Protein chains: 2
Amino acid sequence: MIESLALEGTSKIVLLVLDGLGDLPDPAHRGQTPLEAARTPNLDALARTSALGRLTPVAPGITPGSGPGHLGLFGYDPVTHLVGRGVLEALGAGIDLQHGDVAARANFCTVDASGVVTDRRAGRIGSDVCARLVEKLRAGTGRIDDVEIVLQAGKGHRFVVVLRGPGLGGAVSDADPHKEGKPTPKSHPLEAGEPNQKTARVVNAFALRADQVLEAEHPANGVLMRGLSERPKFDGYRERFKLRAAAIAAYPMYRGVASLAGMDLFVPAGEGAAEAFAVAAQQWASHDYVFIHVKGTDMAGEDGDFEAKVRVIEAVDQALPALQALGPDVLCVTGDHSTPVPMRGHSWHPVPVLLNSKVCFPDAHARFHETSCRTGSLGELASKDLIAVLLANAGRLDKYGA
Amino acid sequence: MIESLALEGTSKIVLLVLDGLGDLPDPAHRGQTPLEAARTPNLDALARTSALGRLTPVAPGITPGSGPGHLGLFGYDPVTHLVGRGVLEALGAGIDLQHGDVAARANFCTVDASGVVTDRRAGRIGSDVCARLVEKLRAGTGRIDDVEIVLQAGKGHRFVVVLRGPGLGGAVSDADPHKEGKPTPKSHPLEAGEPNQKTARVVNAFALRADQVLEAEHPANGVLMRGLSERPKFDGYRERFKLRAAAIAAYPMYRGVASLAGMDLFVPAGEGAAEAFAVAAQQWASHDYVFIHVKGTDMAGEDGDFEAKVRVIEAVDQALPALQALGPDVLCVTGDHSTPVPMRGHSWHPVPVLLNSKVCFPDAHARFHETSCRTGSLGELASKDLIAVLLANAGRLDKYGA
């Protein structure tokens, strides 16, 4: 429905995502969450004239990964807009995936003389060894028929394989036994059609060549591939929402997901909010919608570091006036999911959201945090519905029906 | 989605359902609801460290029966998981329905010499008369072809008919004119297929034999059947959620609905919470999920008896420490619907819910009742989504997407 109502306009929208923003009260910190404990004079002032609420990223009780978390915020239902594991890994590795590309998460592994996988992680080789082996594979495998093999080394035993060529399908099985003590199975099509057959052929041919190239290596003398998937084709922001969208993110994963929505991608000079806001200023004239990603809140949550999460939030708050000075018509601050410090990982808890515009219902709450957001005028929204509220507040959605 | 994310685990979940828990403030009782008026020191203490919220059983404004109310709580969308009237009646009568069984609600009625129904309730005969007539039917009808006819007497003119045999379908019309002054129509298939044709044949043959058996009776000389339906086949808790589930309920209806979810069924020694909690203790080691049903709150609501509802809640509260002593990882207290005292019946009002776990967002509310639940961190959930939140709090749901 939104697509048919989206209007051209000159108003500007900023979506500031503090990754993993939501949290739980910490008994060791006076029962406060990091958002409550942080000194945030600028966010406090903003909250007074803003509408607050809570977002459910995917569905109640569901803990989202980064892909579904951001797709929801971008207005793509993460349940119907599926992004394969391999594609996400490739996006996270900063590979500029093209339409038709098929990507896989890959491991170096140890294989014995009979072809049985004895260690799926090849003794957890270091990233330097991984980089050397990927270079060796690159030199030794090259193309397979008309398919280019794009490789990128990752952390430890991990790397990414991208197949780039005509007529490839993404519905093929893993070339990975998923446990030690078994040989690596060949990849086979999971759905009918020549594209999937072709992908399976290329995957199996690559695995064979890799075995030959790595024959003399130890412990990394084999390759496993899983999560094979095709870059999905989604309608982008320009087509769907009539927005020229910019994505500003220090980490490739988030630029990657934004690229699926057709956003223009920008790398700030550093990981902080201030550097990201400087890019927003540069891109202000040429874009209607700016997505800004701050990773530090999530990292602190994953580390279980309350004080670090507070510091990231306070740094965002200090930098905020520079963003406000650009004069966005709609400024929204939220997260893609919660990453509670005590859980050291993503969670399902609803995410606080703040929305400021001239036509929002201002809640007059003194602060922006998990508890104040429970009684905010935005109420409880699915993340995928946020885009409509942003467009509406920007005067960019027509009336539905006469 | 939940099914594909459910994880094996050792954590334990308790769902304590106080039937018809939600209520309205009563001006005759200082404007309080029964939950507000009850002295509940144990629930109060629990509330301080719990997440509160509200459940919508089916959809806004929809008043659920017992079947949909519980199916929702169990994680089965009551709109798509249909249970026929006959099946619910049979489950409520304590009949152990088997796959393929077709059940009907039945009435004794009065028929005149021309075959016209003159009283659909046979002058509201007593339950003792009903029992005698059902026994007479049982002796006089037995099997029809390869179909066993299972009969069970109910209250007054009501009884249950179950057809048990191979190849029966549940899509047949009522053998009931639904008003006096008309003859009883024959049952006919509502959908194509031999199974429905067979059911209609057996239903009509049984009605004919019943007329013969009851020929000399008065006023109950005929039989009406309606709500014919097949026991539905749902994936159970083990398959869907990787949970070994126990249902503890004094009333057969609730064990019956739980049996549709594949739960193990247990009858406590009495109707009180204490007796039910004793069974929970016995079954603790062998189950991961325990559903406990307390009927008294609903009965008091139906009776319009405020004080009785308060007493049931207070009895649950007094018994609660025994349940808490089992150390559930997730303890959830809620209702299947509201049964407000002033309405003397089920209603559509959202139902208060309390969830306690180590990773819930503790609301620090002093009490658990309709009003405190409105600002709780669980927010507003559809009953069918509760299971995902329970599983998440129990650490039994994997992350969705990378």
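Residues numbered from 1 in each chain as written. Chains lettered and ligands numbered in written order. Predicted model: local features only at pLDDT ≥ 70, side-chain atom pairs only at ≥ 80, totals over all residues. Heavy atoms only, no water.

Regarding the packing of aromatic side chains
Ring pairs (aromatic) are described by centroid distance and by the angle formed between their planes.
Next, step 1: Following the criterion strictly, the structure yields twelve aromatic pairs over all chains and no others.
Next, step 2: When the centroid spacing of 4.8 Å and the interplanar angle of 75° are considered together, the rings of Phe74 of chain B and Phe291 of chain B count as edge-to-face. In this pair, Phe74 of chain B sits in the loop between helix 4 (66-73) and helix 5 (85-92) while Phe291 of chain B sits in strand 11 (residues 289-294), placing the two residues 217 residues apart along the sequence.
Next, step 3: Assessed through its relative accessible area of 0%, Phe291 of chain B is described here as buried.
Next, step 4: An aromatic cluster of at least three residues, connected via ring pairs, comprises Tyr76, Phe234, Tyr237, Phe241 and Tyr289 of chain A.
Next, step 5: Positioned above the aromatic ring of Trp284 of chain B, the side-chain terminus of Lys12 of chain B is 5.8 Å from the ring centre.
Next, step 6: Positioned above the aromatic ring of Tyr76 of chain B, the side-chain terminus of Arg240 of chain B is 4.4 Å from the ring centre. (Phe/Tyr/Trp six-rings, centres within 6.5 Å; stacked < 30°, edge-to-face > 60°. Helix = DSSP H or I, 4+ residues; strand = E, 2+ residues; numbered from the N terminus. Buried < 20%, exposed > 50% of the residue type's maximum accessible area, 1.4 Å probe, protein only. Lys NZ or Arg CZ within 6 Å of the ring centre and 35° of its normal.)

Thoughts on the sheet that holds strand 12 (residues 330-334) of chain B
Residue and element names in this part refer to chain B.
Next, step 1: Read across the open sheet, the eight strands follow the order 10-9-11-1-12-13-2-14; overall the sheet is mixed. Lying at the two open borders of the sheet, with one neighbouring strand each, are strand 10 (264-266) and strand 14 (379-382). Direction aside, the axes of adjacent strands within the sheet are offset by 20° on average.
Next, step 2: The sheet contact formed by strand 9 (residues 245-249) and strand 10 spans three bridges and is parallel. Of the residues in strand 10, the one forming a bridge with Ala246 is Asp264.
Next, step 3: Lying on the sheet, helix 4 is in contact with strand 1 (13-18), strand 2 (51-56), strand 11 and strand 12; it crosses strand 1 at an angle near 155°.
Next, step 4: Contacts from helix 10 (residues 273-283) reach strand 1, strand 9, strand 10 and strand 11 within the one sheet, and its direction differs from that of strand 11 by about 165°. (Pairing = 2+ DSSP bridges. Axes fitted to C-alpha atoms, helices over the stretch in contact; angles between N-to-C directions. Contact = heavy atoms within 4.5 Å.)

Things to note about the sheet that holds strand 10 (residues 264-266) of chain A
All names here are of chain A.
Next, step 1: Here we have eight strands laid out as an open sheet, ordered 10-9-11-1-12-13-2-14, and mixed in their pairing. Taken across any chain shown, the strands that pair with only one partner, and hence form the sheet edges, are strand 10 and strand 14 (379-382). Put simply, the sheet's adjacent strands are angled 20° from each other on average, direction ignored.
Next, step 2: Where strand 9 (residues 245-249) and strand 11 (residues 289-294) come together, five bridges link them in parallel fashion. Directly across from Ala247, in strand 11, lies its bridge partner Phe291.
Next, step 3: Sheet contacts for helix 10 (residues 273-283): strand 1 (13-18), strand 9, strand 10 and strand 11; angle to strand 11, the most-contacted strand, approximately 165°.
Next, step 4: Docked against the sheet, helix 12 (residues 306-324) engages strand 1, strand 11 and strand 12 (330-334), running at close to 170° with respect to strand 1.

Quick look at the pattern of salt bridges
Residue and element names in this part refer to chain A.
Next, step 1: Tallied over the entire structure, the rule returns 37 salt bridges over all chains.
Next, step 2: In this structure, Asp288 and Arg396 form a salt bridge, with 3.5 Å as the shortest nitrogen-oxygen distance. With a gap of 108 residues between them, Asp288 in the loop between helix 10 and strand 11 and Arg396 in the segment after helix 13 (386-393) connect regions that are remote in the sequence. Per residue, the accessibility class of Asp288 equals that of Arg396, and both read buried. (Salt bridge = Lys/Arg side-chain N within 4 Å of Asp/Glu carboxyl O.)

Let's talk about the relation of the copies chain B and chain A
Next, step 1: Superposing chain B onto chain A takes a rotation of 125° combined with a translation of 0.2 Å along the rotation axis, leaving an RMSD of 0.2 Å. Taken together, these values place the two copies in the relation of a three-fold axis. Judged by C-alpha distance, Thr375 of chain B is the residue of chain B that lies nearest the rotation axis, at 3.8 Å.
Next, step 2: A different interface surface on each copy is seen, since only 8% of the contact residues of chain B are contact residues in chain A too. (Least-squares fit on C-alpha atoms with pLDDT ≥ 70 in both.)

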